[in-house]
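Coordinate inspection notes
Listed here are the chains, written in short residue letters.
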Amino acid sequence: MDKECMIQRLMREIEMDFSSDLRLGLIDRVRFNTIIKSETERLREKGYLEIERMFLRAAA
C-alpha cells in the first residue's frame, strides 16, 4: 500500500475521533478543520516506514 493511502485511512480514524467531539460541542467546526489540516500535514512530513508502523498499529 502506498503512503498516501495509509495516510488517508489514518485520517479517517482521526476524523472519527474528533467528529464525536464536534457533535458533542466540545470543539467547533473551525477547530475541527484546523486539527484535520494540521494532522494531515504532520503525517505527510513523516517517512514511509513511520507511516506504515502507525498504520499497522491502528489496524491491530
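Structure report, in brief. (Residues numbered from 1 in each chain as written. Predicted model: local features only at pLDDT ≥ 70, side-chain atom pairs only at ≥ 80, totals over all residues. Heavy atoms only, no water.)

**Notes on the overall build of the chain**
- When you go through the chain residue by residue, the secondary structure sums to three helices and zero strands.
- From first element to last, N terminus to C terminus, the chain shows the α and β order α-α-α.
- On the principal axes, the C-alpha backbone points of the chain span a range of 35 × 25 × 15 Å.
- Looking at the 60 residues of the chain, the share that counts as buried comes to 27%. (Helix = DSSP H or I, 4+ residues; strand = E, 2+ residues; numbered from the N terminus. Buried < 20%, exposed > 50% of the residue type's maximum accessible area, 1.4 Å probe, protein only.)

**Things to note about the packing of helix α1 (residues 3-24) against helix α3 (residues 48-59)**
- Orientation of α1 relative to α3, taken along the N-to-C sense of each, is 40 degrees, at an axis distance of 10 Å. Taken together, α1 and α3 sit at an angle that is classed as oblique. By crossing handedness, the relation of α1 to α3 is classed as left-handed. Counting all contacts with α1, which are made through Lys-3, Met-6, Ile-7, Arg-9 and Leu-10, the residues of α3 involved are Tyr-48, Ile-51, Glu-52, Met-54, Phe-55 and Ala-58.
- Tallied by class, the residues present in the contact of α1 with α3 amount to eight nonpolar, no polar and three charged. (Axes fitted to C-alpha atoms, helices over the stretch in contact; angles between N-to-C directions. Parallel < 35°, antiparallel > 145°, perpendicular 65-115°, else oblique. Left-handed = near helix turned anticlockwise from the far one by under 90°. Contact = heavy atoms within 4.5 Å. Nonpolar A, V, L, I, M, F, W, Y, C, P; charged D, E, K, R; others polar.)

**A look at the packing of α1 against helix α2 (residues 29-45)**
- For the pair α1 and α2, interaxial distance at closest approach is 10 Å and the crossing angle is 155 degrees. Our classification of the angle between α1 and α2 gives roughly antiparallel. Our pair here, α1 against α2, has a crossing hand that is right-handed. On the side of α1, the interface is formed by Lys-3, Glu-4, Ile-7, Leu-10, Met-11, Ile-14, Glu-15, Phe-18, Ser-19 and Leu-22, while α2 contributes Arg-29, Phe-32, Ile-35, Ile-36, Glu-39, Thr-40, Leu-43 and Arg-44.
- Among the residues making up the contact of α1 with α2, the classes are represented as ten nonpolar, two polar and six charged.

**Quick look at the pattern of salt bridges**
- Within this structure, the stated rule accounts for three salt bridges.
- Measuring nitrogen to oxygen at the nearest pair gives 2.7 Å for the salt bridge that ties Arg-42 to Glu-39. Of this pair, Arg-42 and Glu-39 both sit in helix α2, three residues apart, roughly one helical turn.
- Arg-42 sits in the partly exposed class, given a relative accessible area of 34%.
- The partner of Glu-50 in a salt bridge is Lys-46, and the shortest N-O contact between them spans 3.2 Å.
- Using a relative accessible area of 35% as the deciding quantity, one classes Glu-50 as partly exposed.
- By relative accessible area, which is 18% here, Lys-46 ends up buried. (Salt bridge = Lys/Arg side-chain N within 4 Å of Asp/Glu carboxyl O.)

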